[in-house]
There are 2 protein chains.
Amino acid sequence: MGRGKIEIKRIENSTNRQVTYSKRRAGIMKKAQELTVLCDAQVSLIMISSTGKLFEFTSPSTTTKTVYDRYQQATGFNLWQSHYEKMQENLNKLKETNSKLRKEIRQRNGEDLNDLNFQQLRGLEQNMDKSVERVRNRKFHVIGTQTETYKKKVKSLEEAQNNLLRAFEGRDEDCPYALVDQERDYQSAIELANGGSHIFAFRLQPSQPNLGDDEGYASYGLSLA
Amino acid sequence: MGRGKIEIKRIENSTNRQVTYSKRRAGIMKKAQELTVLCDAQVSLIMISSTGKLFEFTSPSTTTKTVYDRYQQATGFNLWQSHYEKMQENLNKLKETNSKLRKEIRQRNGEDLNDLNFQQLRGLEQNMDKSVERVRNRKFHVIGTQTETYKKKVKSLEEAQNNLLRAFEGRDEDCPYALVDQERDYQSAIELANGGSHIFAFRLQPSQPNLGDDEGYASYGLSLA
DNA sequence: TATTCTATATATAACTA
DNA sequence: TTAGTTATATATAGAAT
């Protein structure tokens, strides 16, 4: 191959190794190309140098993926199998968990109870009693907080109203006929404060079809007044 | 390359093409091997003949998969991307669903209620009330069914007992002292039928720590008597 | 580093058996 | 078919650039 027979072993001088790599890489690429054309073959050649650089040749008649699919088919070894399997396993676990969760929800919804024995049913019932109690408490807490908020709003509205009223009263001394208008304004403002809040309260459940028992609601309305 | 310059184009004679393929295949394999050793490179060479036969060379320092991973990394084109992406998408959807289901369960357990407004809380409460009612009904149904079963068992036990008693009574005419024993046996048999069933009843909930209200239980005990 | 230059080693097309 | 021979074309090591 050159000036004197060479033995095939790692070239220790890195410069020489790099030069040889360039030359031989070109040579083998050419060979691959010739093989492709002369013999009608499909060739995939990938070379990675020790520095990590990658060169490849693929016959124009094919693609890297096609060659690899054939490779997997021929060797019977799916290179991505293990990766796939892990993902699939994960997927299955999630599906299983999912279905368990759904079943738990159905049972907590009073459906799909056939698998449960008396003891389990009692446990579930007690658990649900406790849970519904928690929800009820939270509901009251929420409505209580809201009530406080609206109370404060009404107070501040009333205060503003009073200030306004006092301002008008001061003006009365100059204009005695203004009082009627003021009083009408004051009344409608109060109505707005109360009525407005009530309107809001009723709109809290705009799409609730069955208003049935309204105790939470009623107490909200009362505490506003 | 041989006796006369050859031009690189498909060898039409299939025999010659096949011969050339064999020789050149060996040649390029050798080159790949030499490149691997001399230059410390990682080479993957796959050749598929026009007849579909596959030959490969892979540097001993690597595997086909490693080379391919690097290839994909270098080209930025993941051959399996679309497949992976679908799986990953699926996985993420499942995870999301899962987390929603868990949240629903927590809420149905009276936890994690902060996100719910008054209206939602009322809906949840009503739903849970209905659900717990269904569970309760199922519980009664299950215990009712069990009760029926035990009733029948007791009846058949009693019948067997009566038959036995009658048989003993027939024997009395020959042996007047046997009656005492019989009566004692009869009593303990009745006790066994009731008591045994009660024992079973109490064992229905062996690990239930809080027996609290026992109305389902009590009615079972009563209907046995 | 990468290319070019050459002397030589290799590869291989055509031939042979 | 496959394997060995041989004349030549190619590839390439080492040196120079």
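By convention here, each chain's residues receive numbers from 1 onward along its written sequence. As they are written, the chains are lettered A onward and the ligands numbered 1 onward, keeping that order. With the structure being a predicted model, the display of local features is reserved for residues of pLDDT at least 70 and the display and counting of side-chain atom pairs for 80 or more, all residues being used for whole-chain, interface and lining totals. The side-chain figures draw on all heavy atoms in the structure; neither hydrogens nor water molecules are used.

You'll find chain A entered in an unreviewed UniProt entry as MADS transcription factor AP3-2, with Anemonopsis macrophylla given as the organism. UniProt positions are given in the numbering used here, feature names are shortened, and annotations may be inferred rather than shown by experiment. The record in UniProt for chain A states the following under Subcellular location (unreviewed entry): "Nucleus".

## Section: the packing of helix 3 (residues 81–108) of chain A against helix 3 (residues 81–108) of chain B
Orientation is described by lines fitted to C-alpha atoms, with helices fitted over the stretch in contact, and by angles between N-to-C directions that extend from 0 to 180 degrees. Strands are runs of DSSP state E lasting at least two residues, helices are runs of H or I lasting at least four, and both sets are numbered from the N terminus onward. The geometry of helix 3 of chain A relative to helix 3 of chain B is characterised by a closest axis approach of 9 Å and an angle of 25 degrees between their N-to-C directions. It follows from the interaxial angle that helix 3 of chain A and helix 3 of chain B lie roughly parallel. Helix-helix and strand crossings are classified by hand; for helix 3 of chain A and helix 3 of chain B the assignment is left-handed. Residues are grouped as follows: nonpolar covers Ala, Val, Leu, Ile, Met, Phe, Trp, Tyr, Cys and Pro; charged covers Asp, Glu, Lys and Arg; every other residue, Gly included, is treated as polar. Taken together, the residues of the contact of helix 3 of chain A with helix 3 of chain B sort by class into 12 nonpolar, 10 polar and eight charged. Note that the term roughly parallel is reserved for angles under 35 degrees, roughly antiparallel for angles over 145, roughly perpendicular for angles of 65 to 115, and oblique for everything else. Should the near helix be turned anticlockwise from the far one by less than a right angle, the crossing is left-handed, and should it be turned clockwise, the crossing is right-handed.

## A look at helix 3 of chain A
Side chains that are three or four residues apart share a direction in an α-helix, a result of its 3.6 residues per turn. Residues and elements named next belong to chain A. Helix span, expected: 1.5 Å multiplied by one less than the number of residues in the helix. Here helix 3 is 28 residues long and its end C-alpha atoms lie 40 Å apart, about the 40 Å a rise of 1.5 Å per residue gives. Here the term buried applies to any residue with accessible area under 20% of the maximum for its type, exposed to any over 50%, and partly exposed to those in between, with areas from a 1.4 Å probe on protein chains only. Within helix 3 the residues assigned to the buried category are Tyr 84, Met 87, Leu 91, Leu 94, Asn 98, Leu 101, Ile 105, Gln 107 and Arg 108. Just downstream of helix 3, Gly 110 is the residue with a positive phi angle, here 80 degrees.

## A short note on the relation of the copies chain A and chain B
Overlay of chain A on chain B (RMSD 2.8 Å): rotation 178 degrees, translation along the axis 0.1 Å. The transformation just described matches what one would write down for a two-fold rotation axis. Measuring from the rotation axis to each C-alpha of chain A, the shortest distance belongs to Leu 45 of chain A, at 2.4 Å. Comparing contact sets, 97% of the residues at the interface of chain A also lie at the interface in chain B, consistent with an isologous, same-surface contact. When the copies are superposed, the least-squares fit takes in the C-alpha atoms of residues with a pLDDT of at least 70 in both. Any pair of residues with heavy atoms lying within 4.5 Å of one another is described as a contacting pair.

## Focus: unusual backbone geometry
All names here are of chain B. Unlike most non-glycine residues, Asp 40 shows phi in positive territory, near 60 degrees. In this fold, Asp 40 is placed in the loop between helix 1 (14–39) and strand 1 (42–48). Even without glycine at this site, Asp 112 takes up a positive phi of about 55 degrees. Assignment of secondary structure puts Asp 112 in the loop between helix 3 and helix 4 (118–172).

## A word on the sheet that holds strand 2 (residues 54–58) of chain B
Criterion used throughout: strands pair if DSSP finds at least two bridges between them. The strand order 2(A)-1(A)-1(B)-2(B) describes an open sheet built from four strands, whose pairing is antiparallel. Both edges of this open sheet fall to strand 2 (54–58) of chain A together with strand 2 of chain B, since each of them pairs with a single strand only. Ignoring which end each strand starts from, the neighbouring axes of this sheet average 5 degrees apart. Pairing between strand 1 of chain B and strand 2 of chain B: five bridges, direction antiparallel.

## Brief notes about the packing of helix 2 (residues 64–75) of chain A against helix 2 (residues 64–75) of chain B
Closest axis-to-axis distance for the helix 2 of chain A/helix 2 of chain B pair is 13 Å, and the angle between their directions is 160 degrees. Between helix 2 of chain A and helix 2 of chain B, the angle falls in the class roughly antiparallel. As for how helix 2 of chain A packs across helix 2 of chain B, the hand of that crossing is left-handed. Facing helix 2 of chain A, whose interface residues are Thr 64, Tyr 68 and Tyr 71 of chain A, helix 2 of chain B presents Thr 64, Tyr 68 and Tyr 71 of chain B. Residue composition of the contact of helix 2 of chain A with helix 2 of chain B, grouped by class: four nonpolar, two polar and no charged.

## A short note on the pattern of salt bridges
Each salt bridge in this description consists of a side-chain nitrogen of Lys or Arg and a carboxyl oxygen of Asp or Glu lying within 4 Å of one another. Applying the stated rule across the entire model yields 28 salt bridges over all chains. A salt bridge links Glu 34 of chain B to Arg 24 of chain A, with the shortest nitrogen-to-oxygen separation between them at 2.7 Å. Of this pair, Glu 34 of chain B sits in helix 1 while Arg 24 of chain A sits in helix 1 (residues 14–39), which puts the two residues in different chains. Glu 34 of chain B sits in the buried class, given a relative accessible area of 6%. Residue classification places Arg 24 of chain A among the buried positions, given a relative accessible area of 16%. Among the charged side chains, a salt-bridge network with shared partners connects Glu 125 and Asp 129 of chain A together with Glu 133, Arg 136 and Lys 139 of chain B.

## Some thoughts on helix 1 of chain A
For helix 1 of chain A, spanning 26 residues, the distance from its first C-alpha to its last is 36 Å, which sits close to the expected 38 Å at 1.5 Å a residue. For helix 1 of chain A, the complete set of buried residues consists of Arg 17, Tyr 21, Arg 24, Arg 25, Ile 28, Met 29, Ala 32, Glu 34, Leu 35, Thr 36, Leu 38 and Cys 39 of chain A. As for helix 1 of chain A, its buried residues are in contact with strand 1 (42–48) and strand 2 of chain A together with helix 1 and strand 1 of chain B. For the purposes of these results, a polar contact is taken to be a pair of N or O atoms within 3.5 Å, where, inside protein, one atom must be able to donate a hydrogen and its partner to accept one; residues adjacent in sequence count only when each atom of the pair is a side-chain atom. With a side-chain oxygen lying 2.8 Å from the backbone nitrogen of Thr 15 of chain A, the N-terminal cap of helix 1 of chain A falls on Asn 13 of chain A. Positioned one or two residues after helix 1 of chain A, Asp 40 of chain A has a phi angle of 65 degrees, which is positive.

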